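Coordinate inspection notes
Chain by chain, the residues run as shown.
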Amino acid sequence: MNQLPPFARDLAPKLASRELSSREVTHAFLERIEKLQPTLNAFISWDGERALAAADKIDQRRALGESLSPLAGIPIAIKDILCTTDSVTTCGSRILEKYVSPYDAHLITQLRQAGMILIGKTNLDEFAMGGSTETSFCGPARNPWDLERTCGGSSGGSAVSVAAAMAPFAIGTDTGGSIRQPAAFCGVCGMKPTYGRVSRYGLIAYASSLDQAGPFGHTVGDLAIVLQTIAGHDPRDSTSLNVPVPDYVSELSQPFTKARIGVIREHLDSPGLDDEIRSAMLAAIDEYRRLGCEIVDITLPHTKYSIPTYYIIAPSEASSNLSRFDGAHYGFRAQLVKNASLIDMYSQTRSQGFGAEVRRRIMLGTYTLSEGYYDAYYKKALKVRRLIRNDYDAAFEKVDVLIGPTTPTPPFKIGEKVDDPVQMYLEDLYTVGANLAGIPALSIPIGKTRSGLPIGMQFQGPALSESQMLRIANAYQRATAYEPQLPTLSC
Ligand code: GLN
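The rules behind these values
- Note that residues are indexed from 1 along each chain, following the sequence as it is written.
- The predicted nature of this model means local features are confined to residues of pLDDT at least 70 and side-chain atom pairs, given and counted, to a pLDDT of 80 or more, with totals for whole chains, interfaces and linings taken over all residues.
- To obtain the side-chain values, all non-hydrogen atoms of the structure were used and water was disregarded.
- Salt bridge criterion: a side-chain nitrogen from Lys or Arg within 4 Å of a carboxyl oxygen from Asp or Glu.
- Each helix is a run of H or I in the DSSP string that is no shorter than four residues. Each strand is a run of E no shorter than two, and both are numbered from the N terminus.
- Partly exposed residues are those whose accessible area sits between 20% and 50% of the maximum for their type, while under 20% is buried and over 50% is exposed, using a 1.4 Å probe and protein chains only.
- Of the grid points, spaced at 1 Å and generated over the protein atoms alone, those admitting a 1.4 Å probe that cannot get out make up cavities, while open sets with protein on both sides within 12 Å along at least five of seven lines make up pockets; any residue with an atom within 4 Å of a point is treated as lining.
- Grid points are joined across faces, edges and corners, and a volume is the space filled by probe spheres set on the points.
- Pairing between two strands is assigned when DSSP locates at least 2 bridges connecting them.
- Axis definition: a line fit to C-alpha positions, over the contact stretch in the case of helices; interaxial angles, taken between N-to-C directions, run 0 to 180 degrees.
- Working definition: roughly parallel below 35 degrees, roughly antiparallel above 145 degrees, roughly perpendicular at 65 to 115 degrees, and oblique for all remaining angles.
- Here is the rule for handedness: rotate from the far helix to the near one, and if that takes an anticlockwise turn smaller than a right angle the crossing is left-handed, while a clockwise turn gives right-handed.
- Contact definition: two residues touch when any of their heavy atoms are within 4.5 Å.
- When we say a residue is near a molecule or strand, we mean one of its heavy atoms is within 4 Å of it.
- Within 3.5 Å is the distance limit for a polar contact, defined as a pair of N or O atoms, with the added protein rule that one can donate a hydrogen and the other accept it, and that residues adjacent in sequence qualify only through two side-chain atoms.
- For every accessible area listed, the method is Shrake-Rupley and the probe measures 1.4 Å; residues are considered covered only by the protein chains on display.
- Pocket or cavity membership: a molecule qualifies when more than half of its atoms sit within 2 Å of the grid points of that site.
- Here the term charged refers only to Asp, Glu, Lys and Arg, the term nonpolar to Ala, Val, Leu, Ile, Met, Phe, Trp, Tyr, Cys and Pro, and the term polar to all other amino acids, Gly among them.
- Pairing of aromatic rings covers Phe, Tyr and the six-membered ring of Trp, with a centre-to-centre limit of 6.5 Å; geometry is then stacked below 30 degrees between planes, edge-to-face above 60, and tilted otherwise.
- Comment: the charge-over-ring label is applied if NZ (Lys) or CZ (Arg) is within 6 Å of the ring centre and within 35 degrees of the ring normal.

A short note on the pattern of salt bridges
All told, the structure shown has 25 salt bridges when counted by the stated rule. Across the pair Asp 56 and Arg 23 runs a salt bridge whose closest N-O atoms are separated by 2.8 Å. Taken together, the residues span a long stretch of sequence, with Asp 56 in helix α3 (residues 48–63) and Arg 23 in helix α2 (residues 22–40) at a distance of 33 residues. Residue class for Arg 23 comes out partly exposed when judged on its relative accessible area of 37%. Measuring nitrogen to oxygen at the nearest pair gives 3.6 Å for the salt bridge that ties Asp 237 to Arg 200. Here Arg 200 lies in the loop between β7 (189–192) and β8 (213–217) and Asp 237 lies in the loop between α7 (220–230) and α8 (248–252), a separation of 37 residues in the sequence. Arg 200 sits in the buried class, given a relative accessible area of 16%. Here the salt bridges share partners, and the residues they tie into one network are Asp 47, Arg 50, Asp 86, Asp 104 and Arg 112.

Below, the structure is given as structure tokens:
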């Protein structure tokens, strides 16, 4: 890193005191991107000159003595599903390969107002549908801890960018685990806030009732500071919550009050859980016991239905949301023969523009919403969704937070599951519940397997309990004197 510290917590004070300029910091991260991109494929686009120009503006404002946000001048990488006016927003899809949005997503505006430097747009599974970043039209991003393995997904590029210090922070989106699972696979922290906490305006919709954007960082403190910037009401998103935003950052430093911690039995006892992940979880539970927390066994009886429920609701919403990509309104249009009909235009554009997984989901969703099947599938899934949520409500009468593994397995090999959709969907076993219930959840690293692959622990809490959840997760990082590590990459 050219002697520059790679972590935000060390950069912010040096920027504020002008010991470092934002240009120097941005330049150092751009160098990392240039060096590592050919190996990791974490980014879809970036523009060094534009990033440096934005950095210069912050340096000038600082030189004039303006009081700026603690994040001012710090780079952040953005999942390429959030609209930005000054670059393409591809969603990892051929159909939007050249699409430039006429407006910024609300959270992009918030980040720009905080003076953050948008350093690039990160790789993802096409339209955020997947768990390995392999369905991107730009090819897979790679796990910096083992290049043969997937970085998780769909926000894989964002997780890699932070893990490999190509950016100190990143933004991802999470519909069924797409922030938490890649965070776990890459050994970084990632958070999905409460549904409605962060505006979805300008987040290209996959499944609107589940989608939520959130931060990646190296520590729980990093999550708090970015969440502080992107949370809040936005009248342009009708599902945005109009409730005050707590001071996550200062609440994090308040003394840790002993929490009641629920251990999800269905997750910890599930037969598919990797042994090394189970042992790491048991050690983490012991750590909380040592901190004086009460550990309570919790069962979520409907959790076994969460994958089928999610994989009916998400594709149903996707089939409707993606109908706008028709060759007329946005992006790519297939080359047509003379006298081709309108239907030919739609079908050729969509079959050439979308990849196989996206087409599979559109077909699944169209089926489950079709007359005659709607009641049997979609409506039934909505009812089960309610039962899943009721399980969480009952749990949160007994405990403040639920913990469990973020993923059933450590990062799998690239190519291992991509042709077996059911195996890939089962990876989401522990994460989709929080999206179905609309509650906040986050993942932090809790160690590595013997072969050096990261392991993540998930926290889930009641709606709008982000502050408490961050405090509980932070207590673990403090108690274990957690120090973020960077992978050694020989490139
Ligand atoms: N892996 C899940 C899916 O494929 C979750 C994706 C996400 O959260 N965007 O739908």
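What to know about empty space enclosed by the protein
For the structure shown, the criterion picks out two cavities of 30 Å³ or more. If you add up the space inside the largest cavity, you get close to 100 Å³. Along the wall of the largest cavity there are 15 residues; nearest its centre are Gly 130, Gly 176, Ser 178, Tyr 310 and Asp 428. In this structure, the second largest cavity spans a volume of roughly 40 Å³. Lining the second largest cavity are Leu 300, His 302, Thr 303, Ile 388, Asp 391, Tyr 392 and Gly 433. For the lining of the second largest cavity, the element with the highest residue contribution is helix α14 (residues 374–398), accounting for three residues.

Describing the pairing of strand β6 (residues 169–173)
β6 sits mainly inside the fold: five of its five residues count as buried. Alternating residues of β6 divide into Phe 169, Ile 171 and Thr 173 and Ala 170 and Gly 172, and every residue in both groups is buried. Summarising the sheet, strand β2 (residues 75–79) and β6 pair through three bridges and their orientation is parallel. Within the sheet, the bridge partner assigned to Ile 78 lies in β6 and is Ile 171. Sheet analysis places β6 next to β8, joined by four bridges and oriented antiparallel. The residue of β8 that forms the bridge with Thr 173 is Ala 213.

What about the packing of α2 against α3?
Where α2 meets α3, the closest approach of the two axes is 8 Å, and the angle between their N-to-C directions is 160 degrees. Overall, the two elements α2 and α3 adopt an arrangement that is roughly antiparallel. Handedness of the crossing formed by α2 with α3: right-handed. Of the residues in α3, those touching α2 at Ser 22, Arg 23, Thr 26, His 27 and Leu 30 are Gly 48, Ala 51, Leu 52, Ala 55, Asp 56 and Asp 59.

Structural notes on the site of the ligand
The environment of the ligand is formed by 14 residues, the closest being Thr 175, Gly 176, Ser 178, Tyr 206 and Tyr 310. Contacts to the ligand include Tyr 206, whose side-chain N or O atom sits 2.7 Å from an oxygen atom. One nitrogen or oxygen atom from the side chain of Tyr 310 is found 2.6 Å from an oxygen atom belonging to the ligand. Bound to the protein, the ligand loses 99% of the 290 Å² it would expose on its own. According to the grid-proximity analysis, the pocket containing the ligand is the largest cavity. Along the lines of polarity and charge, the residues of the shell around the ligand split into five nonpolar, six polar and three charged.

Remarks on the environment of Ala 473
As for its position among the elements, Ala 473 is in helix α17 (residues 466–479). Filtering out sequence-adjacent residues up to four positions away, Ala 473 remains in contact with Val 220, Tyr 288, Leu 442, Ile 444 and Phe 459.

Brief notes about the packing of aromatic side chains
If you walk through the whole model with that rule in mind, you get 17 aromatic pairs. Note on Phe 325 and Phe 354: the rings are 6.4 Å apart at their centroids and 85 degrees apart in plane angle, and the pair reads as edge-to-face. Separated by 29 residues along the polypeptide, Phe 325 in the loop between α11 (306–321) and α12 (342–353) and Phe 354 in the loop between α12 and α13 (356–369) bring together distant segments of the chain. Neither Phe 325 nor Phe 354 differs from the other in exposure class; each is buried. Geometrically, the ring pair formed by Tyr 367 and Tyr 377 is tilted, given 5.9 Å between the ring centres and 50 degrees between the ring planes. Placement of the pair is Tyr 367 in helix α13 and Tyr 377 in helix α14, with a sequence separation of ten residues. Through a chain of ring-to-ring contacts, three or more aromatic side chains come together here, namely Tyr 99, Phe 127, Phe 325, Tyr 330 and Phe 354. Its end group placed over the ring of Tyr 201, Arg 236 keeps NZ or CZ at 3.9 Å from the ring centre. Across the ring face of Trp 145, the terminal group of Lys 448 is positioned such that the distance to the ring centre comes to 4.0 Å.

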